[in-house]
Amino acid sequence: MRRGWRYFLIAVLLLFLGAGAGLGAFVARAVASAPKLDEINWATNTVIYDREGNEIYELHAGENRTPVKISQVPPIVRDAFIAVEDPRFRRHHGIDLRGLARAAWRTGLHLLRLPGGRVEGGSTITQQLARSGWLTQEVTLTRKIQEAWIAIQLERRYSKDQILEMYLNQIYFGQGAYGIQAAAETFFGKDVGELNLAEAAQLAGMVNGPSLYDPYVDMEASLRRRNVVLAAMLREGVIDQAQYEEALAFRPTLRRTVHSAEPQQKGNAFIDYVINILTASQPGLAERYGLKLKDPESVARAGLKVYTTLDSRIQAIAEQAVAEQMDAADVAYGIPADGPRPEVAVVVMNVRTGEVLAMVGGRQRQGMLEFNRATDALRQPGSAIKPIVAYLPALEAGMSPATILDDAPVRLSNDGTTVWPQNYDYRYRGLKPARYGVEQSLNPMAVRAMQYGGGPWVGADLARRLGLTTILQEDENLALALGGISKGVTLLDMTTAFGAVANMGVKVDPVVITRVVDRTGEVLFEARPRQEQVVSRGAAYLMIDMMKDVVRRGTAYAFTGGFRGWPAAGKTGTTEENRDAWFIGFTPDLVTAVWNGYDDPNNHLPWTGAYVPVQIWNRIMTQVVTEPPEDWPQPPEVVWVTVCRLTGMLPDANCPQDQVVRDLFLQGSEPKSAGDLLVRAKAVQVTVPGPDGRPVYKEWQLWRPGCAGTPVERVFIRRPEPLVRHPTEPWNPRYLPADIADQLPTAACQPGSPWDWLPGADEPDLPEEEEPEEPEEPAEPEEPAEEEEAPQTPEAEDEVPRPAQEQDELAPLQEGLG
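Residues numbered from 1 in each chain as written. Predicted model: local features only at pLDDT ≥ 70, side-chain atom pairs only at ≥ 80, totals over all residues. Heavy atoms only, no water.

Looking now at the overall build of the chain. Of the regular secondary structure elements, the chain holds 22 helices and 24 strands. Taking contacts inside the chain between residues at least 6 apart in sequence as the whole, the part at least 24 apart equals 71%. Element-wise, carbon and sulfur atoms account for 52% of the exposed surface of the chain, whose accessible area totals about 36000 Å². (Helix = DSSP H or I, 4+ residues; strand = E, 2+ residues; numbered from the N terminus. Contact = heavy atoms within 4.5 Å. Areas by Shrake-Rupley, 256 points an atom, 1.4 Å probe, with all protein chains shown as cover.)

Right, let's get into the sheet that holds strand β6 (residues 305-308). Judged by pairing direction, the sheet is mixed, and its five strands sit side by side in the order β2-β1-β6-β14-β15 without closing on themselves. Here the strands that pair on one side only, and so sit at the sheet edges, are β2 (55-59) and β15 (523-526). With direction set aside, neighbouring strand axes in the sheet form an average angle of 15°. In terms of strand pairing, strand β1 (residues 46-49) meets β6 through three bridges, oriented parallel. Its bridge partner being in β6, V47 is matched across the sheet by K305. (Pairing = 2+ DSSP bridges. Axes fitted to C-alpha atoms, helices over the stretch in contact; angles between N-to-C directions.)

This part is about the state of the cysteines. Applying the stated criterion across every chain, the model contains two disulfides. A sulfur-sulfur separation of 2.2 Å characterises the disulfide bridge that pairs C644 with C655. Looking along the S-S bond of the C644-C655 disulfide, the torsion reads about 90°, which is the right-handed sense. Of the two residues, C644 sits in strand β20 (residues 638-644) while C655 sits in the loop between β20 and β21 (660-666), which places them 11 residues apart along the sequence. On the basis of relative accessibility, which here comes to 7%, the residue C655 falls in the buried class. Each sulfur in the disulfide pair C707 and C749 lies 2.0 Å from the other. What sets the handedness of the C707 and C749 disulfide is the S-S torsion sign, and at about 100° it is right-handed. Of the two residues, C707 is situated in the loop between β23 (695-702) and β24 (712-717) and C749 in the loop between β24 and α22 (813-817); the sequence distance between them amounts to 42 residues. Among the cysteines of the chain that take part in disulfides, numbered as they appear in the sequence, the pairing is 1-2, 3-4. (Disulfide = S-S within 2.5 Å. Buried < 20%, exposed > 50% of the residue type's maximum accessible area, 1.4 Å probe, protein only.)

Time to look at the environment of F498. With respect to the helices and strands, F498 occurs in helix α18 (residues 491-502). Note on F498: relative accessible area 0%, which makes it buried. When the C-alpha positions of F498 and P387 are compared, they lie 8.8 Å apart, and in sequence the two are 111 residues distant. With residues up to four places along the chain from it excluded, the contact list for F498 reads A384, P387, I388, M547, K571, I584, F586 and V591.

Among the structural elements, R530 can be located in the loop between β15 and β16 (531-533). Sequence separation between R530 and T353 is 177 residues, and the spatial gap between their C-alpha atoms is 9.8 Å. Setting aside its immediate chain neighbours within four residues, R530 contacts K507, V508 and D509.

Further remarks concern unusual backbone geometry. Residues W420 and P421 are joined by a peptide bond in cis, for which omega reads -10°. Despite not being glycine, R564 has its phi angle at roughly 65°, a positive value. Not every positive phi belongs to a glycine, and E577 is a case in point at roughly 55°. Checked against the element boundaries, E577 lands in the loop between β17 (569-574) and β18 (580-586). Residue class for E577 comes out partly exposed when judged on its relative accessible area of 39%.

In short, geometric facts, not functional conclusions.
This is how it looks when you write it as structure tokens:
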């Protein structure tokens, strides 16, 4: 039995020795990593620089501080702080073990609701100075050990009056006031030497909770705290009963004379974004850029040097372009000055480095850290997203710019009342090359390109990999091809995605801050943006070439004039009822994205993406790009092939000579034959009678011997998919493609009969020679509402005048086939 007790005691002893050794090692590590006294953490302004090293902003964190000597502070003020914060200040050596024990005892009584209990802190004035001057407000065991260690070192190096002077100049009182002199001026309009007992006690009480005891916010709470300080002074014997009662009766008069020492600086949306990244103001924002500071809340007073990618010249150009073009638009479109006005956002980025060179978050600024529409506004992208989710996947799958897609209804709407999708002008062009669909932003062609590329899930996946992370799984439906997204996208993310296309398929993470250096010169952060080949070089080159047509002759031509004929590409976008208008255009070096819209999406713009956004873009880029950039190099996997423009296949005898062109293909996907889109047949025009025998319309019918009329041998088109007809108005030209009269007839004429059908033939198609009387205006087309597709109304896309020489470059097929 005795042996058992002996083993037990030995085990307990070893346990205590091990714990003590572990604790000692932990304390040793904490002390070793503690800042040295020379590394004082007095608040020092953080400075932000542009890419040239010019100072563009200085963060003051609202610190209003006027240091004073201890000799300028009246004894009654010193005694007030010592009495309430550290009564044994003159007797301890940095740490007050008796004070800690007393604080623990009285706090315990308070928690047990016993007499004599109250909440007390155990930190001495020296420890508070150590915490605010050398450490952070982080609450950890390591920080508490370091606080105690630094307090002991302070007591060894400095006298009590020196420590008290540093403390009174360092502590925060609220209302932006740091130090006793700034506090006296901020709250009482006095110099510290003019404070009376009651005012000194009130200031001393505020240190424990600047926001709780702020007299500007809650005077009564501040006075109750003041009375606690007066009671402590009476208890410590630094004032007598008469002084105590006189001070209790005193009612202070607040008189602010100093508001802030921070000078007025002109900021911008870019600087706002830098500050938000540094301070981790949004979840995941700092991590997105790989930046993680130990104490983001103390950035303003940390004395950092923050080097950014901002190009101050381009920023000024962008701000001026936005201000002048938006004001001009207000006048041109009659926007009332006293009502809501359209907003704007701009991002300019280097496509190779991902560096954000300029950013505009709105048309006017009232102050710092306002709502930034370039980074924070989630808006519907409209047709601007077509290259990303529809055409790029199709190009990767082997489609070429010459591939023929049908600008005709894809299917009926979900309720079966109309056809879907429709174009901005409610016209269908019929079979056209894919590049024409991008140039003129035609909705059915984008949907068919998405189908060619593998479907909406493929487009959504590519978009996410290009940086559009707000696209959700429920957005994976055909409406995505037209910009139908649940949450929307930010302008910065769209800029990044288009920048990857301009960079030949290489996505570079955006860079805003290049380097952060602390006050000692240590580099805390250096940008290393991730690069990834998301889209093949070949597909990216084809997409760029297709988007060049948007600037050369498409929806962006009217206000760019083709951008001087220099290498440039882009895409316009307009959402339903003109709620959002976009243009994102780029050269081989720069991508600039512009968005317009009202903050309240219930208000609609009087313009589309082809107007004001293109004007702003052109205004910026013509000033920034002053010399013709070197064109994108053609990758070896991209080849030129001579094709028939009407088929996208090899030309044959059915292809008119003026429709033989050269276009680009990925190597291995070149056409090997003429295909079967064009077919030659003998046909005759037949007048189709109505039930009363009167002529109704004419149509082509396949000719057979003995039929009336003169047969004509001509070329027809063979539509790759059956034409989707409107359920109630199948003959209305609004719902028919322009090339319907050139479809290969399904009916044949009958000898000796005005007309008849071939056995099993379908109803003939309506020709364009004699259009029926215009029916009543149909109801607005409904949007898909199937389970797999989000609702999406026809996009009000960007109809603008095309240059005269380009009008109807791809004429209706009947002209090419005549």
